[in-house]
Amino acid sequence: MLVTGSTGGIGKETARQLAEMGARVILVGRDKNRADAAVEELRASSGNHRVEAITADLSRLGDVKRLAEEVSTRSRGVDVLINNAGATRSHREITEDGIETAFAVNVVAPFCLTHWLMPALTSSGAARVINITGGIPKGRIDLDNLQGEKSYVGLSFYNQTKLAQMAMSYRFAQEVEGAPVTLNVAYPGHAYTSMNRDLTIGTYPPLARPIVPLLRLAMPVVYGHKALLRATRSSIHLATSPEVRNTNGAYFNTKAIPTPWPDAVLDERIRNAIWKLCETHRARLGAS
């Protein structure tokens with residue numbers, strides 16, 4: 001089982017529970033020291049020594065492709081891929097591939113990683129891909145501002161990238177229909193993690209900025225460890241439950257219950273535009 005963004009927060013807790021079930025788990029994180037520390041921690045807490053890590057920066061498509069190649073080399077097949085890694089920024093940044101950073105990590109990386117791992121996924125015989133959304137999964141997707149070209153407010157743009165990820169996932173599930181692979185989306189809800197702990201005031205919408213100091217005090221209390229455990233419920237269910245073995249193209253809420261897709265995701269024009277953009281970026285590194 002491969003879990004991206006798993007050296008901390010929701011991803012690490014997800015990996016911990018999978019390890020406790022006896023699964024072989026590959027963690028993915030940007031920082032080697034954090035990744036090595038997470039491996040040691042999860043091995044100790046789960047009693048499962050089949051926990052390992054690969055270091056990769058998912059904002060860089062070269063790293064995403066290298067990750068897929070290394071995983072494919074290490075494993076005959078991948079039975080579960082959890083695209084959990086996420087990113088948000090206080091201001092617009094462009095990656096070395098010419099992609100806005102949050103869009104690169106939240107949309108393009110899971111698209112490309114899933115494509116590049118498809119031989120390993122199909123060879124497992126019955127693979128499951130779970131894409132983790134986040135933020136507030138509603139609202140509109142502005143096709144003229146997909147990469148923050150016109151306006152950029154960190155958390156608001158993060159919400160749009162997660163909606164865009166859901167639209168991409170909906171289309172991807174259609175693409176794998178009939179293959180020995182299912183693809184679903186899980187909404188974890190809110191939890192106190194390093195990503196939201198490190199948000200600057202400028203990342204918040206202007207109207208929310210005056211209350212950011214209060215939010216920072218409240219978050220560890222309201223969204224502490226119990227919230228972290230709740231945030232893994234849907235992804236663990238989708239990764240392990242026999243009930244959803246053949247479920248494809250569904251969106252699960254925080255209670256691991258299928259729920260209607262947001263309206264923006266159901267717009268075929270939006271889905272196709274996001275898919276085409278992701279394909280363009282993947283093609284630059286080779287479509288295979």
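Residues numbered from 1 in each chain as written. Predicted model: local features only at pLDDT ≥ 70, side-chain atom pairs only at ≥ 80, totals over all residues. Heavy atoms only, no water.

Turning to the packing of aromatic side chains, a few remarks are in order. This structure, assessed with the given rule, holds six aromatic pairs. Taking the centre distance of 5.2 Å and the plane angle of 80 degrees together, the rings of Phe172 and Trp275 count as edge-to-face. Taken together, the residues Phe172 in helix H6 (residues 154-175) and Trp275 in helix H11 (residues 268-283) connect sequence positions 103 residues apart. Considered together, Phe172 and Trp275 belong to a single accessibility category, that of buried residues. (Phe/Tyr/Trp six-rings, centres within 6.5 Å; stacked < 30°, edge-to-face > 60°. Helix = DSSP H or I, 4+ residues; strand = E, 2+ residues; numbered from the N terminus. Buried < 20%, exposed > 50% of the residue type's maximum accessible area, 1.4 Å probe, protein only.)

Our next topic: the nonpolar core. Formed by 54 residues in total, the largest nonpolar core has its most connected members in Leu117, Leu121 and Ile274. Counting residues per element, the ones that place at least two in this core are strand E2 (25-29), helix H3 (61-74), helix H4 (101-116), helix H5 (118-123), strand E5 (127-132), H6, strand E6 (181-186) and H11. Setting aside residues up to four positions removed in sequence, Ile274 forms contacts with Val107, Ile141, Leu146, Ala164, Ala167 and Met168. Core analysis: the next-biggest nonpolar cluster, separate from the first, contains 23 residues, Val3, Leu27, Leu42 and Ala186 among them. (Core = buried A, V, L, I, M, F, W, Y, C linked by side-chain atoms within 4.5 Å. Contact = heavy atoms within 4.5 Å.)

Another aspect to go through is unusual backbone geometry. Negative phi values dominate among residues other than glycine, just as trans dominates among peptide bonds. Of note, Ala256 is a non-glycine position whose phi angle comes to about 65 degrees, a positive value. Along the polypeptide, Ala256 turns up in the loop between strand E7 (251-252) and H11.

So, on to helix H2 (residues 32-46). In a regular helix each residue adds 1.5 Å, so 15 residues correspond to 21 Å; H2 covers 21 Å between its end C-alpha atoms and thus fits that length. Among all positions of H2, only Ala35, Ala38, Val39, Leu42 and Ser46 are buried. On an axial view of H2, the arc spanned by its buried residues comes to 105 degrees, and they lie on one face. With respect to the buried face of H2, the exposed residues turned more than 90 degrees away are Asn33 and Ala44. Each element contacted by the buried residues of H2 is listed here: helix H1 (9-20), E2 and strand E3 (51-55). Directly after H2, the chain includes Gly47, whose backbone phi takes a positive value near 75 degrees. (Expected span 1.5 Å × (residues − 1). Arc of directions from axis to C-beta.)

The next subject is the pattern of salt bridges. Evaluation of the coordinates by the stated rule reveals 16 salt bridges. Across the pair Arg74 and Glu52 runs a salt bridge, and its minimum N-O distance is 2.6 Å. Residue Arg74 is located in helix H3, and its partner Glu52 is located in strand E3; the two are separated by 22 residues in the primary sequence. Given a relative accessible area of 33%, Arg74 falls into the partly exposed group. Linking Arg171 and Glu175 is a salt bridge whose minimum nitrogen-to-oxygen distance equals 2.8 Å. Of the two residues, Arg171 and Glu175 both sit in helix H6, four residues apart, roughly one turn of that helix. The class of Glu175 is partly exposed, set by a relative accessible area of 44%. Three or more residues joined by partner-sharing salt bridges are found here, namely Arg24, Glu52, Asp63, Arg66, Glu70 and Arg74. (Salt bridge = Lys/Arg side-chain N within 4 Å of Asp/Glu carboxyl O.)

Attention now moves to the packing of H4 against H11. Packing of H4 against H11 brings their axes to within 10 Å, and their N-to-C directions diverge by 70 degrees. By the angle class used here, H4 and H11 are roughly perpendicular. Like other packed secondary-structure pairs, H4 and H11 cross with a definite hand, here right-handed. Taken together, the residues of H11 that come into contact with H4 (itself represented by Phe103, Val107, Val108, Phe111, Cys112, His115 and Trp116) are Ile274, Trp275, Leu277, Cys278, Glu279, His281 and Arg282. (Axes fitted to C-alpha atoms, helices over the stretch in contact; angles between N-to-C directions. Parallel < 35°, antiparallel > 145°, perpendicular 65-115°, else oblique. Left-handed = near helix turned anticlockwise from the far one by under 90°.)

Before going further, it helps to examine the sheet that holds E3. Taken in spatial order, the seven strands make up an open sheet running E3-E2-E1-E4-E5-E6-E7, and their pairing is parallel. Pairing within the sheet leaves two strands with one partner each, and these edge strands are E3 and E7. As paired strands, E5 and E6 are joined by six bridges and run parallel to one another. The partner of Asn131 across the bridge, within E6, is Val185. Contacting strand E1 (2-4), E2, E3 and strand E4 (80-83), H1 crosses the sheet at an angle of about 170 degrees to E2. (Pairing = 2+ DSSP bridges.)

Once that is clear, we can look at the pairing of E5. Taken across its six residues, E5 has six buried, putting it largely inside the fold. The side-chain alternation of E5 yields two buried faces, one formed by Ala127, Val129 and Asn131 and the other by Arg128, Ile130 and Ile132. Here E4 runs beside E5; their pairing, made up of four bridges, is parallel. Paired with Val80 across the two strands is Arg128, which belongs to E5.

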